[in-house]
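These are the residues of each chain, in order.
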Amino acid sequence: MTNTKNTSNAQNSQKSSQRAESDTTEDRPGPMQVLRNARTQLAELTGMSAETVSSFEQTEDGWSLEVEVLELARVPDTMSLMASYQVDLDPEGQLTGYRRVRRYERGRADAHRPGGR
């Protein structure tokens, strides 16, 4: 009888532990929600809407993204000024910082750099 009781207690403990883990996982946003939140928060702060997310990774401190933004519309469209912003978010998807890392004309390709640097 003691073994049956111990087994039952162990199973209940395991179920409680699994529920706690799933509750923690459910509290954190998934990658798609993080992307949506980042684009929305950056637009609110800068007044410019994000056109695309060119990189996205989970870090020790949360999330890191590179977001492409239209900074200045020009005619023709290929002459419009674009910018890449580094956007950092905490594990819950709240923006903790951003900075512009590059500015370029929409129609320009990156210059080829030997050695991939």
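Data block above holds the structure.
Quick look at the structure, then. Computed from a prediction, not measured in an experiment: that's the story for all the values here.

1. So, the nonpolar core
A general trend in soluble globular proteins is that nonpolar side chains are found buried together.
Here's step 1: Leu 42, Leu 65, Val 67, Val 69, Tyr 85, Val 87 and Leu 89 are the most contacted members of the largest nonpolar core, which totals 15 residues.
Here's step 2: Listing elements by their share of this core, those giving two or more residues are α2 (31-46), β2 (62-72) and β3 (81-89).
Here's step 3: Every residue in contact with Leu 89, bar those within four places of it in the chain, is listed here: Val 34, Ala 38, Gln 41, Asp 61, Gly 62, Trp 63, Leu 65, Gln 94, Leu 95 and Thr 96.

2. Here's the deal with the pairing of β3
The side chains of a regular strand alternate, first on one face of the sheet and then on the other.
Here's step 1: The buried fraction of β3 amounts to eight of the nine residues, a majority that puts the element mostly inside the structure.
Here's step 2: Note: β3 against strand β4 (residues 95-105), nine bridges, orientation antiparallel. Residue pairing in the sheet places Leu 81 in a bridge with Glu 105 of β4.
Here's step 3: Where β3 folds back on β4, the antiparallel hairpin that results is connected by five residues, among which Gly 93 adopts a positive phi of roughly 90°.

About the criteria used
Residues numbered from 1 in each chain as written. Predicted model: local features only at pLDDT ≥ 70, side-chain atom pairs only at ≥ 80, totals over all residues. Heavy atoms only, no water. Core = buried A, V, L, I, M, F, W, Y, C linked by side-chain atoms within 4.5 Å. Buried < 20%, exposed > 50% of the residue type's maximum accessible area, 1.4 Å probe, protein only. Helix = DSSP H or I, 4+ residues; strand = E, 2+ residues; numbered from the N terminus. Contact = heavy atoms within 4.5 Å. Pairing = 2+ DSSP bridges.

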